[in-house]
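# Per-entry structural report
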Amino acid sequence: MDTSFCAIEQGIQEAYSCATVGNYDEAREKFYAVAQRAEDYTPVWLLLVRRNLIDQLNQTLATIPSYATQENVSDLAVETARAKTQAEQIRRSFFSWF
């Protein structure tokens, strides 16, 4: 569980870093890859964590690539922070049971 969320958070950060240096195409590709990875992990996560938390993260990740443009840098920062917070919330939700 922890490994999958670390991979998601790392992917989000890498994609955002690409955008901050102006490489928006690569940032979009990386954000799409992160969203796909989260979708791949979802069946397992659903066995362990409340569905609404997972759905919120997946929705946020699905919309982030559209913000990876020069005109939307501030929105991208907000959405990236939201996704990282949601991933952290899910991880805490899981580990709070142990």
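Residues numbered from 1 in each chain as written. Predicted model: local features only at pLDDT ≥ 70, side-chain atom pairs only at ≥ 80, totals over all residues. Heavy atoms only, no water.

## What about the overall build of the protein chain?
Looking only at helices and strands, the protein chain features four helices and zero strands. Along the protein chain, from the amino end to the carboxyl end, the secondary structure elements read α-α-α-α. The C-alpha atoms of the protein chain give 13 Å as radius of gyration, which agrees with the globular expectation for 98 residues (13 Å, within 12%). Oriented by its inertia axes, the alpha-carbon framework of the protein chain measures out at about 40 × 20 × 20 Å. Evaluated residue by residue, the protein chain yields a buried proportion of 39% over its 98 residues. Residue pairs in contact within the protein chain that sit at least 24 positions apart in sequence constitute 66% of those at least 6 positions apart. For the protein chain, the exposed surface amounts to about 5600 Å²; the carbon and sulfur share of it is 52%. (Helix = DSSP H or I, 4+ residues; strand = E, 2+ residues; numbered from the N terminus. Rg over C-alpha atoms; globule rule 2.2 N^0.38 Å. Buried < 20%, exposed > 50% of the residue type's maximum accessible area, 1.4 Å probe, protein only. Contact = heavy atoms within 4.5 Å. Areas by Shrake-Rupley, 256 points an atom, 1.4 Å probe, with all protein chains shown as cover.)

## A look at the pattern of salt bridges
Two side chains of opposite charge can pair, provided their charged atoms sit close to one another. Summed over the entire model, instances satisfying the criterion amount to eight salt bridges. The salt bridge partner of Glu79 is Arg82, with a shortest N-O separation of 3.0 Å. Taken together, the residues span about one helical turn, with Glu79 and Arg82 both in helix α4 (residues 73-95) at a distance of three residues. The class for Glu79 is buried, based on a relative accessible area of 11%. Taking relative accessible area as the criterion, Arg82 reaches 39% and is therefore assigned partly exposed. For the salt bridge of Arg92 with Glu88, the shortest nitrogen-to-oxygen distance reads 3.0 Å. With a gap of four residues between them, Arg92 and Glu88 both fall in helix α4, about one helical turn apart. (Salt bridge = Lys/Arg side-chain N within 4 Å of Asp/Glu carboxyl O.)

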